Amino acid sequence: MDRYNFKKTESKWQRKWHEKELFKSELNLSKPKYYVLEMFPYPSGRIHMGHVRNYTMGDVVARFMKASGYNILHPMGWDAFGMPAENAAMENNVHPGDWTYENIKDMRNQLKPLGLSIDWTREIATCDPSYYGHQQSMFIDMLNKGLAYRKNATVNWDPVDKTVLANEQVENGLGWRSGAVVERKELTQWFFKISNYSKDLLNSLDNMPNWPEKVRLMQKNWIGKSTGLEIDFKLKNHPKGYDKLKVYTTRHDTLFGMSFAAISVDHPLTNILSKEDVNLAQFVDKSKKTATNEEAIEKAEKIGYKTNILVMNPFDEKKLFPLFVANFVLMDYGTGAIFGCPAHDQRDLDFAIKYNLDIIPVVCPSDTNVEDFKIENEAFIGPGKLINSDFINGLSIQDAKKVISQKLNGMGVGIEKTNYRLRDWGISRQRYWGCPIPVIHCNKCGIVAEKKENLPIELPKDVTFDLPGNPLNRHKEWLNTKCPNCGEDSKRETDTMDTFVDSSWYFTRFTSPKSQNPTEKEAVDYWMNVDQYIGGVEHAILHLLYSRFFCRAMFETGHVPKKVVEPFSSLFTQGMVCHETYKDDTGKWLTPNEVKEVKKVHKKRSLFSIETGKSIKVGPSVKMSKSKKNVIDPEDIIEQFGADTARWFMMSDSPPERDVEWTNSGVEAAWKHLQKVWRISYMIYKEGNNSEQDKFKITLTDNNFDNDLLRSVHNAIKNVTYCLNSFSFNKAIAYLYELTNSISNSKASSGAKKYAIKILASLMQPITPHLSQEIWSLYESSSFLYEEKWPDFIEEFLSNNEIIYPIQINGKKRSEITISKNMSNIELEKKVLELDSVKKFLKGLSPKKIIIVTGKIINVVI
RNA sequence: GCCUGCUUGGUGGAAUUUGGUAGACACAAGGGACUUAAAAUCCCUCGACUUAACAGUCGUUCCGGUUCGAGUCCGGAAGCGGGCACCA
């Protein structure tokens, strides 16, 4: 018998599928559609195991839904703009475009041997002018609708390289190349008005049952709706024309616990004051030497600068509080100013202790005496009754808020406001390798959109990366242009778009990838929405939220129908692929290929370096990454074991939403199992004569071996179908193991086994398409299993007439009983009490209670 | 720091729906069959402790609660991971 030759078989079927254009999607209004999409990859040049896992999952879904009768769209593209290409350009003196397209070619070649059912005719790359030109056109539409605008924002500024840094390029507050202390710098930048949709983006989350709860929760918190009060505080010693300070608070009930106020270092008042106050200016400079990300700001020591300005309590203008400029007050949230109530806010408390400010408790927990209630190092944020608070004493927090709000409102200094944490989306990047923002700066007309007939504004090819900063700023020919409005000399915008813009609409472009417009009505109406979107949980907030916003903008500018405002009907977030880490005696990381394991002795593993022969320390299993060298190259695995083995292993064992650990033994087990499936398939094929399969009737007979096999087969169909529908690929595989073992141990007739093995091949097809097709073709030489219908299970074959009940005594399993299905509960109780194993515990007494959960369990309470 | 999730044998995990037999299915390990031998394959054992055996006690990160019954529900703690707006 032939050993299963995966190399020959896999390439044979891939070739045939390609020749038949099996995976090409056609719009067909008479058929229900199903759009499967995995998050498209960044073309780094090498696929990794995370890709294998992601794309196999999508492929399993696509093939399963195809068999279930849907018209499938399953495309692939490249998220091709971004920083790595520019870094490569700087390091290796290659053009980012050449580098990117070379990588795309390599990755496509690595992806294809996986045998994915992808329609490659729809492939797109976001760095292609035929893609980003449409993005520019939609930007202009958004500009005209007021959804794109300019305002000042802070960036990470490297004062040595004189360039803007991404957050990931800031390491411990220092620029990654120069090592200089990074500063915050203000630039005028382009923004999308996502804040227009805060409410809608939040509320719609409640109508998305097929998104993971945790993703929706994270987005809710990110959008961060709060209801509070905007209070105008009167100031004393204020600069001219600045007699009021607007503060937003959600805790106006604690107003009488106030002991200071603070404004952001970026607050307009700070700017005014620091012109007169050298020390304040220094403080501001010092505070701005932090990266722009929230984590750095939050973790930095909370410091403040006391100004001469005093803030008045609106109810008692004799009560005056110092105004600080503080580094932890964010200009982007609320009004950029707070009032501090140290007793009931941890940050305020830390600040008050540091600057020796009053700490007045104003909310007392109801189970504590006012005299005993003390605030020490921990602020009290729980519920309680108001104390030390004049006319609101004794009220609940809720009621106190109401009273304060009404009073201040009546005085004309307070207004209730709903606030969102969500900020407008800053899309400007001072970089070359991104989609150019299609506007022109004219001295006469100001900001003017490029004419649509001039799109795409292509990136100039002849650029160099030998100087810091954006090469577009140095490219005179590209930079200088005529104003589309008045024809005068003017300059192009040199900012390019955030790559999240590229990935915010690619899924709509797949529906008509070659259209002369961003989308094509008929195609986008038919194919959208994405029925199943699959990708990493690290995209839970930004990518997914931006896409939801962008689709709303596309709807308002007429590019998609209304339903597309929520483009992803179901979302699945998959876990990462992990591997052990290895370090040698010098602390250097080693790749799994550089390590050899000698046979275990008494469960102790010993590993040594192939190169030096010295022993190796095994570290924890973490996400595969180049830096820790714990990577397995999918190409090697496919070469050694074939795509089906890689696919099978990736889907087995770990549930898809969790991390999976790559182990050699796991892959080998997968490989052995697929060999076994082939072996028994081939043996069964050779058994008896092949017209015997026609003689086998799918019905219960007096052949009990056949009946048992039939039961196994139909249970497997039921379970595998259920598992594939619910993304439980690991469980589906467990059931496939079970069915394989049943067939292999069965003494059924050869006709029954032939029937069983064909079902097995069908059920395995989504996961191991090549092997399954090869088995299928033993019997059905001319048909593609991909196009065959999914098998249905037949209820009457699922079980026999007996049922086994476990019996508990006081909730502990002590015995079991086998009875016929239709026995009454009264009869059952009697039988149970007659059992020796039950009598033993009863000791002649009668039980207090017998609980029978039909079909599940019996509990005897003594 | 803030938001969010996860934790079950030596290992990955299973226990669907509304709380109902903890350890399915695999891996590793140990033993055996076949073989001159090896590879491959097949069979058996496999949470811990007690016991000659029957059987029993404990056991789902930890502490506490609800229940006839808790891996599952509630309250608290610890450990590990993801995100934090310019990585993609």
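Parameters and conventions
Each chain carries its own residue numbering, running from 1 in the direction its sequence is written. All chains are assigned letters beginning at A, and all ligands numbers beginning at 1, according to the order in which they are written. For a predicted model such as this one, the threshold for reporting local features is a pLDDT of at least 70, and the threshold for listing and counting side-chain atom pairs is 80 or more; totals across whole chains, interfaces and linings nevertheless cover every residue. Side-chain calculation: all heavy atoms of the structure are included, whereas hydrogens and water are not. Nearness here has a simple test: a residue counts as near a molecule or strand if at least one of its heavy atoms is within 4 Å of that partner. For this analysis, a polar contact is any N or O atom pair within 3.5 Å, provided that within protein one partner can donate a hydrogen and the other can accept it, and provided that sequence-adjacent residues contribute only side-chain to side-chain pairs. Only DSSP runs of H or I covering at least 4 residues are called helices, and only runs of E covering at least 2 are called strands; the numbering of each starts at the N terminus. Residues are grouped as follows: Ala, Val, Leu, Ile, Met, Phe, Trp, Tyr, Cys and Pro are nonpolar; Asp, Glu, Lys and Arg are charged; all remaining types, including Gly, are polar. The quantity called pLDDT is the predictor's confidence in a given residue, expressed from 0 to 100. Take the buried residues of types Ala, Val, Leu, Ile, Met, Phe, Trp, Tyr and Cys, join any two whose side-chain atoms come within 4.5 Å, and each joined set is a nonpolar core. Relative accessibility decides the category of a residue: with a 1.4 Å probe and only protein chains considered, values under 20% of the type maximum give buried, values over 50% give exposed, and everything between is partly exposed. Multiplying 1.5 Å by the helix residue count minus one yields the expected span of that helix. By convention, a stacked pair of Phe, Tyr or Trp rings (six-membered ring in the case of Trp) has centres within 6.5 Å and planes under 30 degrees apart, an edge-to-face pair has planes over 60 apart, and any other such pair is tilted. By definition, a salt bridge exists where a carboxyl oxygen of Asp or Glu is found within 4 Å of a side-chain nitrogen of Lys or Arg. Pairing between two strands requires that DSSP report at least two bridges joining them. Note on geometry: axes are lines fitted to C-alpha atoms, helical ones only across the stretch in contact, with angles between N-to-C directions running from 0 to 180 degrees.

Caption draft 1: Examining the protein's contact with RNA strand B more closely. Among the 68 residues in the neighbourhood of RNA strand B, the closest are listed as Asn167, Arg431, Lys731, Asn741 and Asn859. Protein-adjacent atoms of RNA strand B, using a 4 Å cutoff, are sugar or phosphate at a proportion of 66%. Take Glu298: an N or O atom from its side chain is 3.1 Å from a sugar or linking oxygen of RNA strand B. Asn859 is positioned such that a nitrogen or oxygen atom in its side chain is 2.3 Å from a base oxygen of RNA strand B. Residue contributions to the surface near RNA strand B peak at 6 residues, all from helix α23 (residues 729-745). The class makeup of the residues in the surface near RNA strand B is 25 nonpolar, 17 polar and 26 charged.

Caption draft 2: Region of the structure containing the confidence of the model for chain A. Per-residue confidence for chain A gives a mean pLDDT of 90, with 98% of residues at or over 70. Between the elements of chain A, mean pLDDT differs from a low of 63, seen in strand β30 (residues 595-601), to a high of 98, seen in helix α15 (residues 506-509). The ipTM, which scores confidence in the relative placement of chains, is 0.94 for this predicted complex, and the corresponding pTM is 0.93.

Caption draft 3: Molecular detail of the nonpolar core. Formed by 159 residues in total, the largest nonpolar core has its most connected members in Phe192, Tyr506, Phe549, Phe550 and Trp662. Residues Met258, Ile263, Leu273 and Val325 belong to the second largest nonpolar core, which totals 45 residues.

Caption draft 4: Quick look at helix α17 (residues 542-556). Given a rise of 1.5 Å per residue, 15 residues ought to cover 21 Å, and the 21 Å separating the end C-alpha atoms of α17 matches this to within 8%. By the criterion of burial, α17 is predominantly enclosed, with 12 of the 15 residues buried. The first or second residue beyond α17 is Gly558, which carries a positive phi of 80 degrees.

Caption draft 5: Representation of the packing of aromatic side chains in the model. Within the structure shown, the criterion is met by 49 aromatic pairs. Measuring from centroid to centroid gives 6.0 Å for Phe139 and Phe192, while their planes differ by 45 degrees, and the two rings are tilted. Here the residue Phe139 occupies a position in helix α5 (residues 129-144), and Phe192 occupies one in strand β9 (residues 183-192), the gap between them amounting to 53 residues. Measuring from ring centre to ring centre gives 6.0 Å for Phe192 and Phe549, while their planes differ by 40 degrees; the resulting arrangement is tilted. Taken together, the residues Phe192 in strand β9 and Phe549 in helix α17 connect sequence positions 357 residues apart. Residue classification places Phe192 among the buried residues on the basis of a relative accessible area of 1%.

Caption draft 6: Focus on the pattern of salt bridges. Taken as a whole, this structure holds 41 salt bridges when the rule is applied. Lys246 is the partner of Glu230 in a salt bridge, and the nearest nitrogen-oxygen pair spans 3.8 Å. With Glu230 in strand β10 (residues 225-236) and Lys246 in strand β11 (residues 244-249), this residue pair connects regions lying 16 residues apart in the sequence. What makes Lys246 partly exposed here is its relative accessible area of 40%. By sharing partners, the salt bridges in this structure join Asp200, Arg548, Arg552 and Glu566 into a single network.

Caption draft 7: Just the sheet that holds strand β24 (residues 489-492), in detail. Taken in spatial order, the 4 strands line up as β22-β21-β24-β23 in an open sheet, and their pairing is antiparallel. Strand pairing shows two members of the sheet lacking a second neighbour, β22 (446-449) and β23 (480-482), which therefore form its edges. Across the sheet, the mean angle from the axis of one strand to that of its neighbour is 45 degrees, orientation sign disregarded. Of the strand pairs in this sheet, β23 and β24 are connected by 3 bridges, and their pairing is antiparallel. Looking at the pairing, Asn480 lines up with Lys491 of β24.

Caption draft 8: Quick peek at the side chain of Thr307. Inspection of the secondary structure puts Thr307 in strand β13 (residues 304-313). When its relative accessible area of 10% is taken as the criterion, Thr307 is described as buried. A polar side-chain atom of Thr307 sits 3.3 Å from the main-chain amide nitrogen of Ile309. Among the polar contacts made by the side chain of Thr307, one reaches the main-chain carbonyl oxygen of Leu323 at a distance of 2.6 Å.

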